[in-house]
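Structural characterization, general
Here is what each chain is made of, one letter per residue.
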Amino acid sequence: MGKFAAACGLALTFSANAFAAPTNLVATGNTNPPIGHFEFCKNYPNECTSLGRDRGPMALSRKAWATMLEVNTRVNQSIRPDTDLNIYGVEELWSYPRSVGDCEDYVLLKRHMLMQKGFSPNDLLITVVLQPNGDGHAVLTVRTDYGDYILDNMRGDVRLWSETGYTFIKRQSSEHAARWTKLGPGSASNVGAVNN
């Protein structure tokens, strides 16, 4: 677990309050993107466009569930965790991994693979969380009519967000891939973010 945590040390500052756990995460307003995602959007502008009006979470079928499990497992097993500092020589760099990456890189690859399999980008949202030890981490939220499920490089299974033990801070907007929203009461407005 230490290797994974070290490979995902997002710098976070906030005050967290406990909140009730609805099936789906609740956006409470706009916030700034993480610095790494802001830079990623400059390098990959086609990945950071308007997604259109949010029509609500996807209908979760058995086929979609199996695809989520397969993609999560395949990426977790094929990418070796390491820090951006060790890989690229910089503190924070979001990119598509080939064989090694940190948590954001796993998320980007999973999101990309699920979109190639027909999932809507409106339902595949990069999400910033805090681990129980206070370290920052990035996961992929898949919005469904059965709840928001989390694909995580630190676990082999796929769980509802409320079963992860994480504190959810912010995630991509479901209407624009370059914009971000705060999650739940007490979420931070400035979590390793840049001002636009």
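Residues numbered from 1 in each chain as written. Predicted model: local features only at pLDDT ≥ 70, side-chain atom pairs only at ≥ 80, totals over all residues. Heavy atoms only, no water.

1. Examining the overall build of the chain
From N to C terminus, the chain includes five helices and nine strands. Along the chain, helices (α) and strands (β) appear in the sequence α-β-α-α-β-α-β-α-β-β-β-β-β-β when read from the amino end. Relative to all contacts within the chain whose residues are 6 or more apart in sequence, the contacts with residues 24 or more apart total 65%. Summed over its atoms, the accessible surface of the chain is roughly 9200 Å², and 49% of this surface lies on carbon and sulfur atoms. (Helix = DSSP H or I, 4+ residues; strand = E, 2+ residues; numbered from the N terminus. Contact = heavy atoms within 4.5 Å. Areas by Shrake-Rupley, 256 points an atom, 1.4 Å probe, with all protein chains shown as cover.)

2. Structural notes on the sheet that holds strand E5 (residues 136–144)
Across the sheet, seven strands lie side by side as E1-E9-E8-E4-E5-E6-E7; this open sheet has antiparallel pairing. Edge strands, defined here as strands with exactly one partner in the open sheet, are strand E1 (27–31) and strand E7 (159–160). As paired elements, strand E4 (residues 124–130) and strand E8 (residues 167–172) share four bridges and run antiparallel to each other. Across the sheet, leucine 130 pairs through a bridge with threonine 167, a residue of E8. (Pairing = 2+ DSSP bridges.)

3. Brief notes about the side chain of histidine 37
Within the element layout of this structure, histidine 37 appears in helix H2 (residues 35–43). Setting aside its immediate chain neighbours within four residues, histidine 37 contacts Cys48, Trp94, Ile126, Gln172, Ala177, Ala178 and Trp180.

4. Some thoughts on helix H3 (residues 62–78)
Taking 1.5 Å as the rise per residue, H3 with 17 residues should run 24 Å; its terminal C-alpha atoms sit 24 Å apart, in good agreement. The set of residues buried in H3 consists of Ala64, Thr67, Met68, Val71, Asn72, Val75 and Asn76. Angularly, the buried residues of H3 cover 150° about the axis, an arc narrow enough to put them on a single face. Facing away from the buried side of H3 by over 90 degrees, the exposed positions are Arg62, Lys63 and Gln77. In this structure, the buried residues of H3 make contact with helix H5 (103–116), E5 and strand E6 (147–151). (Expected span 1.5 Å × (residues − 1). Buried < 20%, exposed > 50% of the residue type's maximum accessible area, 1.4 Å probe, protein only. Arc of directions from axis to C-beta.)

5. With respect to the state of the cysteines
Going through the model one piece at a time under the given rule, you end up with one disulfide. Linked covalently through their sulfurs, cysteine 41 and cysteine 48 form a disulfide whose S-S length is 2.1 Å. The chirality of the disulfide connecting cysteine 41 with cysteine 48 is left-handed, given an S-S dihedral of about -80°. Across this residue pair, the class does not change: cysteine 41 and cysteine 48 are buried. (Disulfide = S-S within 2.5 Å.)

6. Digging into the pairing of E4
Burial analysis of E4 places seven of its seven residues in the buried class, which makes it a mostly covered element. Residues Leu124, Ile126, Val128 and Leu130 of E4 are buried on one face, and the alternating residues Leu125, Thr127 and Val129, pointing to the opposite face, are buried as well. Judged from the seven bridges that link them, E4 and E5 form a sheet pairing that is antiparallel. Note on E5: the bridge partner recorded for threonine 127 is valine 139. Where E4 hands over to E5, the hairpin turn is made up of five residues, of which glycine 134 adopts a positive phi near 95°.

7. Structural notes on the pairing of E8
Most of E8 is tucked away, with five of its six residues classed as buried. Pairing of E8 with strand E9 (residues 180–183) involves three bridges; the strand directions are antiparallel. By the bridge assignment, lysine 170 is partnered in E9 with lysine 182.

8. Side note on H2
Residues of H2 that are buried: Gly36, His37, Phe40 and Cys41. When H2 is viewed along its axis, its buried side chains cluster within an angular range of 140° and face the same direction. Among the structural elements, H5, E4, E8 and E9 are those in contact with the buried residues of H2.

9. Quick look at the side chain of asparagine 122
You can see asparagine 122 is positioned in the loop between H5 and E4. A distance of 2.8 Å separates the side chain of asparagine 122 from the side chain of serine 120, its partner in a polar contact. Excluding anything up to four places from it in sequence, asparagine 122 contacts Leu51, Gly52, Arg53, Arg143 and Ser174. (Polar contact = N/O pair within 3.5 Å; in protein donor to acceptor, adjacent residues only side chain to side chain.)

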